[in-house]
Amino acid sequence: MRTITTCFMVALMVPSIPLTAQTANRGTAEFATGLQFGYAAGFSIQAHGIAAGFAQGFPLRTRLGIGYAAVNPGQALDARRVFINNNTNGTPEERGRVWNFKLDLLFPVDVLSLRRAYAFGGVHHARFNGNFKFVGGNEDFDVRSSHWGFGGGLEAYFGVSSRVDMVITGGLEYFFASTLTAHDTAYSPDGDSVNPREDYTYADADAAVGQPKLAPNLLLGFSYRF
């Protein structure tokens, strides 16, 4: 996890490196970094780096992004029954998070009379962690999953200064079903489960936790062009 996060942070820092003489001579390359806040299956903060005009004749903008969202992890008592045991003692506390890594391509579009609007789409990868703690019940466990998916939407830019833009993004992400794991128990979409509790199935585990599935995005932030 640290390795993946480090790679993406390096990718976001690349635009700050001075351009080579070859790029400067070409005069068409553009780099930008940005930060956005909003809703993505929960309160989310997202950072990205964008490169455009770096390859002759390539019309698309390329964006690498990383996002963090605080999400509803699911139903604590249901998760405990499916993954741990049938005890109900203790006061449940729960929290969930999703790390989201994105590679998108952006294409300029003419829509709603917006001067600078882009349609985008790409491959996304999400890592979910739901923590369930039963205070006084001696139970504290995590449910984890990792998902590939894709997303798309519309993005509009509004100039604030010669280098700073306000950015509004609306979109939708879809993630494929994946194995849910907690302690020594795992439930897979193909039915190949490990140490399942009683007669519970993947459908029961899926209903108990809030793993990424279909996630609308609505974000607002700023972008800085180099």
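All values derive from a computational prediction rather than experimental measurement. (Residues numbered from 1 in each chain as written. Predicted model: local features only at pLDDT ≥ 70, side-chain atom pairs only at ≥ 80, totals over all residues. Heavy atoms only, no water.)

> Is there a simple way to explain the overall build of the chain in this structure?
For the chain, the count of helices and strands is 4 helices and 10 strands. N-terminal to C-terminal, the α/β element order of the chain is α-α-β-β-β-α-β-β-β-β-β-β-α-β. When the 226 residues of the chain are sorted by exposure, 41% land in the buried category. In the chain, 66% of the contacts between residues at least 6 apart in sequence involve partners at least 24 apart. If you sum the accessible surface of the chain, you get close to 12,100 Å²; carbon and sulfur atoms cover 59% of it. (Helix = DSSP H or I, 4+ residues; strand = E, 2+ residues; numbered from the N terminus. Buried < 20%, exposed > 50% of the residue type's maximum accessible area, 1.4 Å probe, protein only. Contact = heavy atoms within 4.5 Å. Areas by Shrake-Rupley, 256 points an atom, 1.4 Å probe, with all protein chains shown as cover.)

> Help me out: how do you make sense of unusual backbone geometry in this one?
A negative phi angle is the norm for most residues apart from glycine, just as the trans form is the norm for most peptide bonds. At Ala 41, a residue that is not glycine, the phi angle is positive and equals roughly 65°. Mapping Ala 41 onto the fold places it in the loop between strand S1 (30-40) and strand S2 (43-52). The phi angle at Glu 198 is positive, at roughly 50°, despite the residue not being glycine. As for its placement among the helices and strands, Glu 198 is situated in the loop between strand S9 (185-187) and helix H4 (202-208).

> What should I look at first to understand the environment of Tyr 200 in this one?
Inspection of the secondary structure puts Tyr 200 in the loop between S9 and H4. Setting aside residues up to four positions removed in sequence, Tyr 200 forms contacts with Arg 81, Val 82, Asn 86 and Tyr 187.

> Teacher, can you tell me more about the packing of aromatic side chains here?
Ring pairs (aromatic) are described by centroid distance and by the angle formed between their planes. Considering all chains together, one arrives at 9 aromatic pairs under this definition. Consider the rings of Phe 150 and Tyr 174, whose centres lie 5.9 Å apart with planes at 45°: the pair is tilted. Residue Phe 150 is found in strand S6 (residues 139-159), and its partner Tyr 174 is found in strand S7 (residues 164-175); the two are separated by 24 residues along the sequence. Here a set of aromatic residues connected by ring pairs shows up, and it is made of Phe 150, Tyr 174 and Phe 176. Directly above the aromatic system of Tyr 118 lies the positively charged group of Arg 61, at a separation of 4.7 Å from the ring centroid. Of note, Arg 80 hangs over the ring of Phe 134, and the distance from its end group to the ring centre comes to 4.3 Å. (Phe/Tyr/Trp six-rings, centres within 6.5 Å; stacked < 30°, edge-to-face > 60°. Lys NZ or Arg CZ within 6 Å of the ring centre and 35° of its normal.)

> Could you clarify how one ought to interpret the pairing of strand S3 (residues 61-71) in this entry?
For a regular strand, the rule is simple: side chains alternate between the two faces of the sheet. Bridging between S2 and S3 involves 9 bridges; their strand directions are antiparallel. Bridge pairing in S3 places Ile 45 opposite Tyr 68. (Pairing = 2+ DSSP bridges.)

> Explanation requested: the pairing of strand S4 (residues 91-109) in the structure shown.
In terms of strand pairing, S3 meets S4 through 11 bridges, oriented antiparallel. Within S4, the position partnered with Thr 62 by the bridge is Leu 105. Sheet analysis places S4 next to strand S5 (residues 117-135), joined by 19 bridges and oriented antiparallel. By the bridge assignment, Val 109 is partnered in S5 with Ala 117.

> Mind showing me how you'd approach the confidence of the model for the chain here?
Low-pLDDT stretches of the model should not have their predicted coordinates read in fine detail. Of all residues in the chain, 88% have pLDDT values of 70 or greater, and the mean over the chain is 89. In this model residues 1-27 is a low-confidence stretch, pLDDT under 50, and it forms 28 contacts with partners more than four residues away in sequence or in other chains. (pLDDT = per-residue confidence, 0-100.)

> What is the right way to look at the pattern of salt bridges in this model?
When the charged atoms of two side chains lie near each other, side chains of opposite charge can form a pair. By the definition in use, this model includes 10 salt bridges. The partner of Glu 30 in a salt bridge is Arg 61, and the shortest N-O contact between them spans 3.5 Å. With Glu 30 in strand S1 and Arg 61 in strand S3, this pair connects stretches of sequence that are 31 residues apart. Here Arg 61 falls in the buried class, since its relative accessible area comes to 9%. With a shortest N-O distance of 2.8 Å, Asp 165 and Arg 225 are connected by a salt bridge. Here Arg 225 lies in strand S10 (residues 214-225) and Asp 165 lies in strand S7, a separation of 60 residues in the sequence. With respect to class, Asp 165 is no different from Arg 225; both count as buried. Three or more residues are tied together by salt bridges with common partners; here these are Arg 63, Asp 104 and Glu 155. (Salt bridge = Lys/Arg side-chain N within 4 Å of Asp/Glu carboxyl O.)

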